[in-house]
Amino acid sequence: MSIETLTVFPMIHSITIDKENDLVTEITQDINDAAGIKANLLEAVATVKMYQKIDFYPLAPPTFLEDVMGNFAQMGMSKHLTISDNTYHDIFGYPGCTRVWELPLLLRDQVEAALVGYEVNYDTETWDILDVTPLED
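Remember, predicted model here, so these are calculated numbers, not experimental data. (Residues numbered from 1 in each chain as written. Predicted model: local features only at pLDDT ≥ 70, side-chain atom pairs only at ≥ 80, totals over all residues. Heavy atoms only, no water.)

**Student:** Talk me through the pattern of salt bridges; I want residue IDs and the actual numbers.
**Tutor:** What the rule picks out here adds up to 1 salt bridge. As a salt-bridge pair, Glu102 and Arg99 come within 3.7 Å of each other at their nearest N and O atoms. (Salt bridge = Lys/Arg side-chain N within 4 Å of Asp/Glu carboxyl O.)

Here it is as structure tokens:
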């Protein structure tokens, strides 16, 4: 058994901005607690294993980082990856922007600073999720 530790940041669901004061007043991430992170990862692992069982990966076996984290988990492995996500977000108070990276740098920095992250310990051989803990600020 080999245990690895990842740092993850759930994807962003919505952001509220006070445009007049250039201030991010609220940020909501897709997953809000350690139990949700673990459940999402377990679901992603199960999906990859199901695809593997039906020979969806004929050329190379799936990997935890690429296939579980890269394709199915609803989180990024860094704040930068999370704010660079290309999916649409609900951004209130800043019309015309639907993705974090479209916001001015001052607001992007505030969003990045507000992200809540978690440390995930997992077994590299079985992909068992052993422990999920919130990052300390």
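Moving on, there is more to tell.
**Student:** Can you tell me about the pairing of strand S1 (residues 3-10), naming the residues and giving the values?
**Tutor:** Pairing of S1 with strand S6 (residues 118-123) involves 6 bridges; the strand directions are antiparallel. Within S6, the residue paired with Glu4 across the bridge is Tyr122. Sheet topology note: the S1/strand S4 (residues 75-76) ladder contains 2 bridges and is antiparallel. If you follow Pro10 over to S4, its bridge partner there is Met75. (Pairing = 2+ DSSP bridges. Helix = DSSP H or I, 4+ residues; strand = E, 2+ residues; numbered from the N terminus.)

**Student:** Go over the sheet that holds strand S7 (residues 129-134) with me, naming the residues and quoting the values.
**Tutor:** Ordered in space as S4-S1-S6-S7, the 4 strands form an open sheet in which the pairing is antiparallel. On the outer flanks of this sheet lie S4 and S7, each paired with one strand and no other. The strands touched by helix H1 (residues 34-53) are S1, S4, S6 and S7; relative to S7, the strand with the most contacts, the crossing angle is about 145°. Together, S1, S4, S6 and S7 form the strand contacts of helix H2 (residues 64-72), whose direction differs from that of S1 by roughly 20°. (Contact = heavy atoms within 4.5 Å. Axes fitted to C-alpha atoms, helices over the stretch in contact; angles between N-to-C directions.)

**Student:** An account of the environment of Gly76 is needed here, citing residue identities and associated values.
**Tutor:** Considering the arrangement of structural elements, one finds Gly76 in strand S4. Beyond its immediate chain neighbours, meaning those up to four positions away, Gly76 contacts Thr7, Val8, Phe9, Met11, Leu81 and Thr82.

**Student:** Help me get a handle on the environment of Glu112, residues and values and all.
**Tutor:** Secondary-structure assignment places Glu112 in helix H4 (residues 105-114). Excluding anything up to four places from it in sequence, Glu112 contacts Lys79, His80 and Ile83.

**Student:** Tell me about the packing of aromatic side chains, residues and numbers included.
**Tutor:** The tally for this structure, following the rule as stated, stands at 5 aromatic pairs. A centroid spacing of 5.8 Å and a plane angle of 25° characterise the contact between Tyr51 and Phe72, whose relative ring orientation is stacked. Remark: Phe72 occurs in helix H2 and Tyr51 occurs in helix H1; sequence separation between them is 21 residues. Residue class for Tyr51 comes out partly exposed when judged on its relative accessible area of 26%. (Phe/Tyr/Trp six-rings, centres within 6.5 Å; stacked < 30°, edge-to-face > 60°. Buried < 20%, exposed > 50% of the residue type's maximum accessible area, 1.4 Å probe, protein only.)

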